[in-house]
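Observations on chain architecture
What follows is each chain in one-letter form.
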Amino acid sequence: MLEHLQQLRENAAAKRAIARRAAQMVEDGDSIILDTGTTTSIFARELLKRANLTVITNSSDIARTLASGASFVFLGRPFMYGAAALGDVELAREAARRP
């Protein structure tokens, strides 16, 4: 998680500019596919300004970001709302506390 936060900060201004420009190309009601990555994570935040999107992604970060604002299909492992809401690390801690 720390590495992801560090990568988000690297070239942050350029990533935000790319995300804003890409978001201008998305219209309400569109369906899009987003891969995992720090620029696409920032792009997902820009997509919160759109309505009725369908997003296909393999990124738990993007799924968490869009969980309340878009319909989405999560690819890769089965989507776990607990992991999306709490984060993988906190979910693992919670699982370790249970007998």
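Everything here concerns the structure above.
These numbers were taken from a predicted model, which means no experiment stands behind them.

1. A word on the side chain of Ser41
Residue placement: Ser41 occurs in helix H3 (residues 38-47). Note on Ser41: relative accessible area 1%, which makes it buried. At a separation of 2.6 Å, a polar atom in the side chain of Ser41 contacts the side chain of Asp61.

2. Topic: the environment of Ala12
Tracing the backbone shows Ala12 in helix H2 (residues 12-24). Each C-alpha atom of the pair Ala12 and Thr38 lies 9.3 Å from the other, and the pair is 26 residues apart in sequence.

3. Topic: H3
Among the ten residues that make up H3, seven are buried, leaving the element largely enclosed by the rest of the structure. Every buried residue of H3 is accounted for by Thr38, Ser41, Ile42, Phe43, Ala44, Glu46 and Leu47.

Calculation notes
Residues numbered from 1 in each chain as written. Predicted model: local features only at pLDDT ≥ 70, side-chain atom pairs only at ≥ 80, totals over all residues. Heavy atoms only, no water. Helix = DSSP H or I, 4+ residues; strand = E, 2+ residues; numbered from the N terminus. Buried < 20%, exposed > 50% of the residue type's maximum accessible area, 1.4 Å probe, protein only. Polar contact = N/O pair within 3.5 Å; in protein donor to acceptor, adjacent residues only side chain to side chain.

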